[in-house]
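What the coordinates show
Residues per chain, in single letters:
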Amino acid sequence: MINLESLALRFTHTPQHTELWILDQMLLPLKEEWMPLQTVSETVSAIKALKVRGAPLIGVTAALSIGQSAVNGTSMTQLKEEAQALHNARPTAVNLMLCMNRMIAGIEAKKSPEELLTIAVDLFNEDVRLCEALAENGAELIQTGDNILTHCNTGGLATAGIGTALGVIRKAHQQGKAIHVYVDETRPLLQGARLTAWELKKLEIPYTLITDNMAGHLMRLNKVQKIIVGCDRIASNGDFANKIGTYSLAVLAHYHQIPFYVAGPYTTLDKECACGDQIPIEQRKASEVSGVEGVFGRVEWAAPESPVYNPAFDVTPAELASGWIMNDGVFVREDFQQGKLR
Ligand code: MRU
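Model, not experiment: these values are computed from the prediction.

Below, the discussion takes up the overall build of the protein. When helices and strands are counted, the protein shows eleven helices and 17 strands. In terms of overall dimensions, the protein is globule-like: its C-alpha atoms have a radius of gyration of 19 Å, near the 20 Å expected for 342 residues. When its C-alpha atoms are laid out on the principal axes, the protein stretches across 60 × 50 × 40 Å. Counting over 342 residues, the protein shows a buried share of 56%.

As structure tokens, then:
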């Protein structure tokens, strides 16, 4: 019997039955509703719709979905096509590609369905350990009294474990450090306001929600001591992609001389990618910017037929980061320049 449980995912497997469930993140915080993912095509749709999201979590969910499909008797040819469809579901977070490449390698090596499932389960458990190690490393940078600004959602809803940037914050809080978090609401899909605020409230970590455009004002007033964000892909020179708005924060932090850290496990590092310009940036639909799809229906606020630009991520150049908080330690730019992370 296999039983995996995280804040956003539940997976059980017995010889008779396999179930994969996700907490629908597009309904949070208004509704806490779990949905089953019974087929890979349901998983592809859930990933595209951000019902399951966050770089590490989409990789792990996709892997478990392939594991489930394998034990349900899908042929190897079909499994490979399914893994490819998941691989292509979102283009920026490299964790998804890494997890799918591991599953595809298993399929090509003609592993048994149970062995393929084991690869997926190992990916889940590995992510839990990576989050923990990363959080320990990052918490050393935090001091009592710090006001930490964060962007998007990088916690238990974005990973199999305690999170990346939010995992660091959680660990520091657990260690008894008196900290306070400024949560960027994170336009357009409000992962900060909806998800990070929800997690921090549950964890009883003091926080204040702000709109993204208030961050600079707070920095100027000396109200922010540190900024910690997550990442979706780190290039081998240290440039990284993260939720749209991260680059603006990094520029503001540089001007105000505020330490700006990025947190991510080694599974977010893309050694094949030389620099940030090579990171594919996901473009999403106009309706996410022109209005909102709420649980109570759609509200449109933009002038009808306004042209919209909606990149889901931006790239922050390595020179703007004070440190990369990873599972193996905290790295600085020189470490990337000397090829230590290859
Ligand atoms: O579009 P999303 O919500 O999947 O974007 C998530 C982020 O940008 C996170 O900061 C990133 O995946 C790191 S999560 C540990």
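Additional details are given in the paragraphs that follow.
By the definition in use, this model includes 14 salt bridges. A salt bridge links Lys-171 to Glu-132; its shortest N-O distance comes to 2.4 Å. Linking Lys-171 in helix H6 (residues 165-174) with Glu-132 in helix H5 (residues 113-139), this pair joins segments that are 39 residues apart in sequence. Since its relative accessible area comes to 7%, Lys-171 is described here as buried. Residue Glu-136 is joined to Lys-171 by a salt bridge in which the shortest nitrogen-to-oxygen separation is 3.6 Å. Of this pair, Glu-136 sits in helix H5 while Lys-171 sits in helix H6, and the two are 35 residues apart along the sequence. Each of Arg-90, Glu-282, Arg-284 and Glu-288 takes part in salt bridges that share partners, so that together they form one network.

What follows is about the domain arrangement of the protein. Entries for the protein in the domain assignment read domain 1 (2-131) and domain 2 (141-337). The C-alpha centroid of domain 2 is placed 24 Å from the C-alpha centroid of domain 1. Opposite the 35 residues of domain 1 that make contact, domain 2 presents 37 residues. Buried area between domain 1 and domain 2, summed over both chains or domains, comes out near 3000 Å², and the portion from carbon and sulfur atoms is 61%. For the pair domain 1 and domain 2, the number of links is one salt bridge. Ionic pairing is found between Arg-90 and Glu-282, a salt bridge with its closest N-O pair at 2.9 Å. Where domain 1 touches domain 2, the interface holds 18 residue pairs in polar contact (both at pLDDT 80 or more). No other element matches the six residues that H5 contributes to the side of domain 1 that touches domain 2.

Taken together, 18 residues form the shell around the ligand, and within it Arg-53, Arg-90, Asp-232, Asn-242 and Lys-243 come nearest. The side chain of Arg-90 places a nitrogen or oxygen atom 2.8 Å from an oxygen atom of the ligand. The side chain of Gln-191 places a nitrogen or oxygen atom 2.9 Å from an oxygen atom of the ligand. Across the complex, the protein chains shield 100% of the 410 Å² of accessible surface that the ligand would expose by itself. At a threshold of 2 Å from the grid points, most atoms of the ligand map onto the largest cavity.

Sheets are built from strands that pair by backbone hydrogen bonding, the pairs being arranged parallel or antiparallel. Spatially, the four strands line up as an open sheet ordered E12-E9-E10-E15, and their pairing is mixed. Edge positions in the open sheet fall to strand E12 (269-270) and strand E15 (313-316), since each of these has one partner strand only. Here strand E10 (residues 240-243) pairs with E15 via four bridges, running antiparallel. Looking at E15, one finds that Phe-240 is bridged to Thr-316. Of the strands in this sheet, E10 and E15 are in contact with helix H9 (residues 246-256), which crosses E15 at around 30°.

Direction vectors running N to C along helix H2 (residues 55-71) and helix H4 (residues 94-108) enclose 25°, while the axes themselves pass 7 Å from each other. By the criterion of interaxial angle, the relationship of H2 to H4 is roughly parallel. For H2 against H4, the interelement crossing comes out right-handed. Contact residues: H2 offers Ala-55, Pro-56, Ile-58, Gly-59, Val-60, Ala-62, Ala-63, Ile-66 and Gly-67, while H4 offers Asn-95, Leu-96, Cys-99, Met-100, Met-103 and Ile-107. Of the residues in the contact of H2 with H4, the class split is twelve nonpolar, three polar and no charged.

Among the surface-exposed residues, Leu-30, Val-295 and Phe-296 lie close enough to one another that they form a single nonpolar patch of about 370 Å² accessible area. Here Val-295 lies in the loop between strand E13 (291-294) and strand E14 (297-300). By relative accessible area, which is 31% here, Val-295 ends up partly exposed.

Conventions we followed
- Residues numbered from 1 in each chain as written.
- Predicted model: local features only at pLDDT ≥ 70, side-chain atom pairs only at ≥ 80, totals over all residues.
- Heavy atoms only, no water.
- Helix = DSSP H or I, 4+ residues; strand = E, 2+ residues; numbered from the N terminus.
- Rg over C-alpha atoms; globule rule 2.2 N^0.38 Å.
- Buried < 20%, exposed > 50% of the residue type's maximum accessible area, 1.4 Å probe, protein only.
- Salt bridge = Lys/Arg side-chain N within 4 Å of Asp/Glu carboxyl O.
- Domains from an automatic or database assignment.
- Contact = heavy atoms within 4.5 Å.
- Buried area = accessible area lost by both parts, 1.4 Å probe.
- Polar contact = N/O pair within 3.5 Å; in protein donor to acceptor, adjacent residues only side chain to side chain.
- Near = heavy atom within 4 Å.
- Areas by Shrake-Rupley, 256 points an atom, 1.4 Å probe, with all protein chains shown as cover.
- 1 Å grid on protein atoms, 1.4 Å probe; cavity = no way out; pocket = protein on both sides within 12 Å on 5 of 7 lines; lining within 4 Å.
- Sits in = over half its atoms within 2 Å of the grid points.
- Pairing = 2+ DSSP bridges.
- Axes fitted to C-alpha atoms, helices over the stretch in contact; angles between N-to-C directions.
- Parallel < 35°, antiparallel > 145°, perpendicular 65-115°, else oblique.
- Left-handed = near helix turned anticlockwise from the far one by under 90°.
- Nonpolar A, V, L, I, M, F, W, Y, C, P; charged D, E, K, R; others polar.
- Patch = residues over 30% accessible without salt bridge, like charges linked within 9 Å, V, L, I, M, F, W, Y side chains within 5 Å.

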